[in-house]
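Notes for the structure review
Residues per chain, in single letters:
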Amino acid sequence: MKLDAKVYIVGAGPGDPELITVKGMRILQGADVVIYTDSLVRAELIDYCGPTTQVYKSAGMALEEIVHLMVSHVREGRSVARVHTGDPAVFGAILEQIGLLRRAEVPYEVVPGVSSVFAAAAALGAELTVPELTQTVILTRVGGRTPMPEGEQLRDLAKHHTTLALFLSATLAKKAVDDLLAAGWSPDTPVAVVQKATWPDQLVIRSTLSGLVRAMGDAHVSSHAMILAGWALQPDLALSDGHRSKLYDKTFTHRYRKGVVEG
Ligand SMILES: C[S@@+](CC[C@H](N)C(=O)[O-])C[C@H]1O[C@@H](n2cnc3c(N)ncnc32)[C@H](O)[C@@H]1O
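Sequence order as written defines residue numbering, which begins from 1 separately in each chain. Residue-level local features of this predicted model are given only where pLDDT is at least 70; pairs of side-chain atoms are given and counted only at 80 or more, and the full residue set underlies all totals for whole chains, interfaces and linings. The basis for every side-chain value is the complete set of non-hydrogen atoms in the structure, without hydrogens or water.

The name given to the chain in an unreviewed UniProt entry is Precorrin-4 C(11)-methyltransferase, with Alicyclobacillus acidoterrestris as the source organism. Among the UniProt annotations of the chain, the heading Pathway (unreviewed entry) holds the following wording: "Cofactor biosynthesis; adenosylcobalamin biosynthesis." Within the UniProt record for the chain, the comment given under Sequence similarities (unreviewed entry) is "Belongs to the precorrin methyltransferase family." UniProt positions are given in the numbering used here, feature names are shortened, and annotations may be inferred rather than shown by experiment.

Given below as structure tokens:
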């Protein structure tokens with residue numbers, strides 16, 4: 001794939017090297033320069049790069065250093081793949097990079113990836129939006145060193161009783177539980193944690209809200225984990241008949257199928 005002299009901000013997916021998009025893989029194969037977040041992106045993905053690709057690890061670099069690298073390579077006519085874990089648009093810290101690239105008038109393109117929230121749901125075999133149970137997923141985090149904006153405290157968001165996906169919150173599980181209980185969640189609400197979803201050492205924990213802190217402590221999970229909470233996470237929900245979608249209901253007429261009138 002012949003690439004332009006610009007920055008490709010590529011979502012690497014959650015870990016499994018087969019979960020990068022075909023486009024993302026082709027960019028890795030063709031890029032002159034690859035800069036990747038080595039703390040979160042699997043090194044195996046870098047095997048897709050060509051033998052002459054210049055590869056940089058960014059975990060130890062500051063923003064200005066990373067952007068300086070990208071800008072100088074593009075100005076010398078090279079294509080740069082900036083590889084981020086999951087999907088770059090979710091907690092990817094790409095806005096600040098894009099801001100500096102735009103000021104430097106360096107072109108860029110964002111290539112989406114599979115976010116860890118969906119890799120975690122897949123590991124659990126779960127649907128996060130279940131008819132007549134919840135039709136909404138809130139992607140958020142527990143406020144820590146990065147404070148939450150006004151109105152986005154977990155206990156405010158939790159009042160909607162939707163499925164919640166908590167990024168960056170493994171060390172803040174106790175605060176998450178306190179906030180959800182304060183928002184009126186029942187202590188037996190199902191909760192699941194997936195650490196390193198799609199990595200060879202992926203770990204899945206199923207618990208309840210009241211058991212979450214202990215379950216995470218027992219399994220020594222304090223990083224690289226997705227916490228999913230809400231009734232959509234009931235382990236045996238698939239066996240109950242009460243939550244079928246209209247889409248495949250034989251009595252429901254839509255554009256592609258005429259419903260059958262029963263009786
Ligand atoms: C800086 S954010 C990046 C999120 C990423 N952009 C995404 O879409 O998945 C890092 C957080 O994402 C979650 N995360 C990333 N990769 C993960 C994985 N493979 N398994 C579980 N959680 C993951 C964790 O909550 C971690 O603290």
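A look at the nonpolar core
The nonpolar side chains of soluble globular proteins are, as a tendency, buried together. Put simply, buried Ala, Val, Leu, Ile, Met, Phe, Trp, Tyr and Cys residues joined by side-chain atoms within 4.5 Å make one nonpolar core. Per-residue accessibility, obtained with a 1.4 Å probe over protein chains only, is compared with the maximum for each type, and a residue is labelled buried under 20%, exposed over 50%, and partly exposed between these values. Leu180, Trp185, Val193, Leu212 and Met216 are the most contacted members of the largest nonpolar core, which totals 25 residues. Going along the chain from the N terminus, every DSSP run of H or I of four or more residues is numbered as a helix, and every run of E of two or more is numbered as a strand. Residue assignment for this core shows that the elements contributing at least two residues are α5 (154-157), β7 (163-167), α6 (173-182), β8 (190-195), α7 (212-218) and β10 (225-229). Considering every element that reaches this core, the biggest residue donor is α6, with four residues. Not counting residues within four places of it along the chain, the set of residues in contact with leucine 212 comprises Ala173, Val177, Val191, Val193, Ser207 and Ile227. Within the second largest apolar cluster, 17 residues are counted, among which are Ala12, Leu28, Val34 and Val41. Should any heavy atoms of two residues lie within 4.5 Å, those residues are considered in contact.

Thoughts on unusual backbone geometry
Phi at phenylalanine 91 is positive, roughly 50°, even though this residue is not glycine. Within the secondary structure, phenylalanine 91 sits in the loop between β4 (80-84) and α3 (95-103). A residue is classified by how much of its surface remains accessible, and phenylalanine 91, at 42% relative accessible area, is partly exposed.

What about the UniProt feature "domain: Tetrapyrrole methylase" (unreviewed entry) in the chain?
Mapped onto this numbering, the UniProt entry annotates "domain: Tetrapyrrole methylase" (unreviewed entry) at residues 6-211. The straight-line gap between the two end C-alpha atoms of residues 6-211 is 48 Å; of that span, 26% is helix and 21% is strand.

Observations regarding the packing of helix α2 (residues 63-75) against α3
Two quantities define a packed helix pair, namely the angle between the axes and the distance from one axis to the other. Whenever a helix is involved, its axis is fitted only over the stretch in contact; in every case the axis is a line through C-alpha atoms, and angles between N-to-C directions fall within 0 to 180 degrees. Look at α2 against α3: their axes get within 10 Å of each other, and the N-to-C directions meet at 45°. Between α2 and α3, the angle falls in the class oblique. Like other packed secondary-structure pairs, α2 and α3 cross with a definite hand, here right-handed. Where α2 approaches α3, its residues Leu63, Ile66, Val67, Met70 and Val71 are matched on the opposing element by Glu96, Gln97, Leu100 and Leu101. For classification purposes, angles smaller than 35 degrees are called roughly parallel, those larger than 145 roughly antiparallel, those between 65 and 115 roughly perpendicular, and all remaining angles oblique. Each crossing gets its handedness from the near helix: less than a right angle anticlockwise from the far helix is left-handed, clockwise is right-handed.

Overview of the packing of aromatic side chains
How two aromatic rings sit relative to each other is given by the distance of their centres and the angle of their planes. Under the pairing criterion, centres of Phe, Tyr and Trp rings, with the six-membered ring standing for Trp, must be within 6.5 Å; the plane angle then separates stacked pairs below 30 degrees from edge-to-face pairs above 60, leaving the rest tilted. The full count for this structure, using the stated rule, is one aromatic pair. For the pair phenylalanine 91 and phenylalanine 167, a centre-to-centre distance of 5.1 Å together with 50° between the ring planes defines the contact as tilted. Within this pair, whereas phenylalanine 91 is found in the loop between β4 and α3, its partner phenylalanine 167 is found in strand β7, the two being separated by 76 residues in sequence. Judged by relative accessible area, which is 8%, phenylalanine 167 ranks as buried. Note that arginine 42 overlies the ring of tryptophan 199, its terminal NZ or CZ placed 5.4 Å from the centroid. Put simply, a charge is over a ring when the Lys NZ or the Arg CZ is close to the ring centre, within 6 Å, and near the line of the ring normal, within 35 degrees.

Here we look at the sheet that holds β10
For two strands to count as paired, DSSP must find a minimum of two bridges between them. Ordered by their spatial adjacency, five strands build an open sheet running β6-β7-β10-β8-β9, and the pairing between neighbours is mixed. Of all the strands in the sheet, just β6 (137-141) and β9 (203-208) have a single pairing partner and so form its edges. In this sheet, neighbouring strand axes are inclined to one another by 20° on average, regardless of whether the strands run parallel or antiparallel. One ladder, built from five bridges, connects β8 with β10; its direction is antiparallel. Within β10, the position partnered with alanine 192 by the bridge is leucine 228. The strands touched by helix α4 (residues 116-124) within the sheet are β6, β7, β8, β9 and β10, with β10 carrying the most contacts at an inclination of about 65°.

Some remarks on the site of the ligand
Contacts to the ligand come from 17 residues, most closely from Val90, Ser115, Ser116, Ala197 and Ala225. We define a polar contact as two N or O atoms separated by no more than 3.5 Å, with the added condition that, inside protein, one atom must be a possible hydrogen donor and the other a possible acceptor, whereas residues neighbouring each other in sequence contribute only through side-chain atom pairs. Within the backbone of aspartate 87, an N or O atom sits 2.9 Å from a nitrogen atom of the ligand. Here valine 90 contributes a backbone N or O atom positioned 2.7 Å from a nitrogen atom of the ligand. Computed by Shrake-Rupley with a 1.4 Å probe, the accessible areas treat only the displayed protein chains as cover when residues are assessed. Within the complex, 92% of the 570 Å² of free accessible area of the ligand lies under protein. Of the residues assigned to the shell around the ligand, the class counts are 10 nonpolar, five polar and two charged. The cutoff for a nearby residue is simple: one of its non-hydrogen atoms must lie within 4 Å of the molecule or strand. Note on residue categories: nonpolar means Ala, Val, Leu, Ile, Met, Phe, Trp, Tyr, Cys or Pro, charged means Asp, Glu, Lys or Arg, and polar means any other residue, Gly included.

Topic: the domain arrangement of the chain
An automatic or database domain assignment supplies the start and end points of every domain. Domain boundaries assigned for the chain yield domain 1 (7-111) and domain 2 (116-239). For domain 1 versus domain 2, the distance between C-alpha centres works out to 29 Å. The term buried area means the drop in 1.4 Å probe accessible area that two parts suffer when joined, counted for both and summed. The contact between domain 1 and domain 2 buries some 820 Å² in all, and 74% of this surface belongs to carbon and sulfur atoms. Its largest share of buried area at the contact with domain 2, domain 1 owes to Pro14, Arg42 and Phe91, together 61% of the area lost on that side.

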